[in-house]
Amino acid sequence: MKLFVDTGDIEEVKRAAEWGVLDGVTTNPTLIAKSGKGFKETVLAICEAVPGGDISAEVVATDYDTMLKEALEIASWHPQIVVKVPLIEPGVRLVKTLSDKGIKTNVTLVFTVGQALMAAKAGATYISNFVGRVDDLATDGMNAVTETVEMVATYGYRSEVLVASVRHPLHVLQAIQSGAHVATMPLKVIEALFKHPLTDSGLQRFLDDWNKAGLSIFEK
Ligand code: E4P
């Protein structure tokens, strides 16, 4: 499964990239606004920090003609850029146009398998299925992910299912169980994936025993 970090903060991207397990970055208008920096400079810095990774940058217009202009502008900034497009009617039309031109797309704000079908048929590279925002409404957000993974496999669409709006490690476990292709998450969720108390206590015991015995890897 591909692992993306969901942030507009370049320092967070650099920290996640250091581990060597990061496949890409997702941003959205809220995250870019929170970064306090310009859109283009932030996206370009992210591309540089994650060589070869897929970096999602979102259009903000809601009519087809302006969305297309924005998409072509954003896509021209760097070859790693994936144009993020909301799942609205002109958005689906835009994804088809971009897909025909060989430009990668990430269809965002997808909540149902019906919406995902529209994105898949338009040729979306990624379908971003939001989980946490549905859980917030006391409904299981992972259901639509499972249905979408099945739909894509059944009909052989090339789109990858991207689990978004991930809030905690359990969402990551559920994403893996569903067979989703990608999960994007805040840095703090990636950091939590490393952690287990038995890892910490186990390591401490290994080191204590080693040191007590006076051993060294580099023998004198
Ligand atoms: C994904 O691309 C979105 O930017 C993100 O996952 C939204 O997460 P949120 O619901 O926690 O804002």
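Residues numbered from 1 in each chain as written. Predicted model: local features only at pLDDT ≥ 70, side-chain atom pairs only at ≥ 80, totals over all residues. Heavy atoms only, no water.

Once that is clear, we can look at the site of the ligand. Around the ligand sit Asp6, Thr26, Asn28, Lys84, Phe130, Arg133, Ala164, Ser165 and Arg167, and that is every residue in its neighbourhood. Contact distances for the ligand include 2.9 Å between an oxygen atom and a side-chain N or O atom of aspartate 6. Asparagine 28 has a polar side-chain atom sitting 2.7 Å from an oxygen atom of the ligand. If the ligand stood free it would expose 350 Å²; the protein chains cover 86% of that surface. More than half of the atoms belonging to the ligand lie within 2 Å of the grid points that define the largest pocket. (Near = heavy atom within 4 Å. Polar contact = N/O pair within 3.5 Å; in protein donor to acceptor, adjacent residues only side chain to side chain. Areas by Shrake-Rupley, 256 points an atom, 1.4 Å probe, with all protein chains shown as cover. 1 Å grid on protein atoms, 1.4 Å probe; cavity = no way out; pocket = protein on both sides within 12 Å on 5 of 7 lines; lining within 4 Å. Sits in = over half its atoms within 2 Å of the grid points.)

Along an α-helix, residues three or four apart share an orientation, since each turn contains 3.6 residues. The first and last C-alpha atoms of helix α5 (residues 89-100) sit 17 Å apart over 12 residues, in line with the 16 Å expected at 1.5 Å per residue. Those residues of α5 that fall on the buried side of the exposure criterion are Gly91, Leu94, Val95, Thr97 and Leu98. Looking straight down α5, one finds that the buried residues subtend no more than 165° of arc, so they occupy a single side. Residues Glu89, Arg93 and Asp100 are exposed on α5 and point more than 90 degrees away from its buried face. (Helix = DSSP H or I, 4+ residues; strand = E, 2+ residues; numbered from the N terminus. Expected span 1.5 Å × (residues − 1). Buried < 20%, exposed > 50% of the residue type's maximum accessible area, 1.4 Å probe, protein only. Arc of directions from axis to C-beta.)

In space, the eight strands of this closed barrel follow the order β1-β2-β3-β4-β5-β6-β7-β8, with parallel pairing throughout. In this sheet, neighbouring strand axes are inclined to one another by 30° on average, regardless of whether the strands run parallel or antiparallel. Where strand β3 (residues 54-58) and strand β4 (residues 81-86) come together, four bridges link them in parallel fashion. Within β4, the position partnered with glutamate 58 by the bridge is lysine 84. The sheet strands contacting helix α4 (residues 64-77) are β3 and β4, and the helix crosses β4 at an angle near 160°. (Pairing = 2+ DSSP bridges. Axes fitted to C-alpha atoms, helices over the stretch in contact; angles between N-to-C directions. Contact = heavy atoms within 4.5 Å.)

Looking now at unusual backbone geometry. Notably, leucine 109 is not glycine yet its phi reads approximately 65°, a positive angle. Even without being glycine, alanine 138 reaches a positive phi, approximately 60°. Overall, the relative accessible area of 75% leaves alanine 138 in the exposed class.

By the secondary structure assignment, histidine 181 is in the loop between α9 (169-178) and β8 (182-185). In this structure, histidine 181 is in contact with Met1, Lys2, Ser159, Glu160 and Val161, ignoring residues within four places of it in sequence. Side-chain polar atoms of histidine 181 contact the backbone nitrogen of valine 161, separated by 2.8 Å.

Looking now at the pattern of salt bridges. Across all of its chains, the model carries eight salt bridges by this definition. For aspartate 100, the salt bridge goes to lysine 96, with nearest N and O atoms at 3.0 Å. Highlighted residues: aspartate 100 and lysine 96, both in helix α5, separated by four residues, approximately one helical turn. You can call aspartate 100 exposed: its relative accessible area is 55%. When the shortest N-O distance is used, the salt bridge between arginine 167 and aspartate 136 registers 2.9 Å. Of this pair, arginine 167 sits in the loop between β7 (160-164) and α9 while aspartate 136 is found in the loop between α7 (132-135) and α8 (142-155), placing the two residues 31 residues apart along the sequence. For arginine 167, a relative accessible area of 37% puts it in the partly exposed group. (Salt bridge = Lys/Arg side-chain N within 4 Å of Asp/Glu carboxyl O.)

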